[in-house]
Amino acid sequence: MGFSFKQFHIDDAGCGMPVSTDGVLLGAWAPLTQARHILDIGAGSGLLSLMAAQRTREQTQPQAHIVAVELDEAAALACRHNFANSPWPDRLSLHHTSIQDYAERHLDSSREQEAALFEHIICNPPYFESGQLSSNSARASARHTERLSFAALLSAITQLLHGSGSVSLILPLAALPRLVPLLAQTGLVLRELQPVASVETKAPQRGLLLLQKAQTPQAGMNACMTHPVLTVRDSHGHYSPAMAALTRDFYLKL
């Protein structure tokens, strides 16, 4: 069945992580509309890549090209299908490999290193480091850091990110104490944090993150801007005005 948005359809059969509110939030929030070269790490069904293609169809000249990297075979098949059936197949490309292998091959094959780097990188990464694995092996791989640790992810990002580029992630706020100490080791800093609450009666549990390369050795957490909490739904189960405004270009019923 999949999931239909206003301008494209996602078939996520066989994907470890189906279309989720987290993914839609990240794809709508990421400040990527001025980027011409965008990388989607762990693309899954291709949701973030397709949202990026929609958002950059008119804002950038020439129009942005989005590269998706996905290791899981079933997810890569779904992603390829969704790209081919979208309005922007010529602006989307998929690499069925690990991000580590992609980074090595991409940079080795590029004549000009600077031109090979990405102006924006987007990723909804695995975040569970322990706990019981799902009986669904694809879902387990998508949710746990067994295949892609935070350290490995940040290392690949550092290699592939343009010096003036930025990175958008979504993570549980509880995962930040594990992520933040690794940033200094890879030359990245947290610039913005957008806390997200699922309903207005609960404390925020997710965070949208914007990372950049540190311009000075002293740059760090003190430079982070924390935004007011974004609430997804009100106490009646309806999307909040902020959530509706953020996702109106994508959800059919908004």
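Residues numbered from 1 in each chain as written. Predicted model: local features only at pLDDT ≥ 70, side-chain atom pairs only at ≥ 80, totals over all residues. Heavy atoms only, no water.

J.: Describe the side chain of Thr 231, with residues and values.
T.: Within the fold, Thr 231 resides in strand 11 (residues 230-233). Setting aside residues no more than four positions away along its own chain, Thr 231 makes contact with Ala 197, Val 199, Glu 200, Ser 240 and Met 243. (Helix = DSSP H or I, 4+ residues; strand = E, 2+ residues; numbered from the N terminus. Contact = heavy atoms within 4.5 Å.)

J.: Would you mind going over the environment of Ala 30 in detail, with residue names and values included?
T.: Note on placement: Ala 30 falls in the loop between helix 1 (21-29) and strand 3 (37-41). Residue classification places Ala 30 among the buried positions, given a relative accessible area of 0%. Among all residues touching Ala 30, those that are not within four sequence positions of it are Arg 55, His 120, Ile 122 and Ser 168. (Buried < 20%, exposed > 50% of the residue type's maximum accessible area, 1.4 Å probe, protein only.)

J.: A description of the pattern of salt bridges should follow, citing residues and the corresponding values.
T.: As enumerated under the stated definition, the model contains one salt bridge in all. A salt bridge links Asp 22 to Arg 206, with the nearest nitrogen and oxygen atoms 2.7 Å apart. Residue Asp 22 is found in helix 1, and its partner Arg 206 is found in strand 9 (residues 206-213); the two are separated by 184 residues along the sequence. With a relative accessible area of 17%, Asp 22 lands in the buried category. (Salt bridge = Lys/Arg side-chain N within 4 Å of Asp/Glu carboxyl O.)

J.: Residue-level account of the packing of helix 1 against helix 2 (residues 47-55), with values.
T.: In contact at an axis separation of 9 Å, helix 1 and helix 2 are set at 30 degrees when each is read in the N-to-C sense. In terms of their interaxial angle, helix 1 and helix 2 are classed as roughly parallel. Considering the relative orientation of helix 1 and helix 2, their crossing is right-handed. On helix 2, the residues touching Gly 23, Val 24, Leu 26, Gly 27, Ala 28 and Trp 29 of helix 1 are Leu 47, Leu 48, Met 51 and Arg 55. Here the contact of helix 1 with helix 2 is composed, by residue class, of seven nonpolar, two polar and one charged. (Axes fitted to C-alpha atoms, helices over the stretch in contact; angles between N-to-C directions. Parallel < 35°, antiparallel > 145°, perpendicular 65-115°, else oblique. Left-handed = near helix turned anticlockwise from the far one by under 90°. Nonpolar A, V, L, I, M, F, W, Y, C, P; charged D, E, K, R; others polar.)

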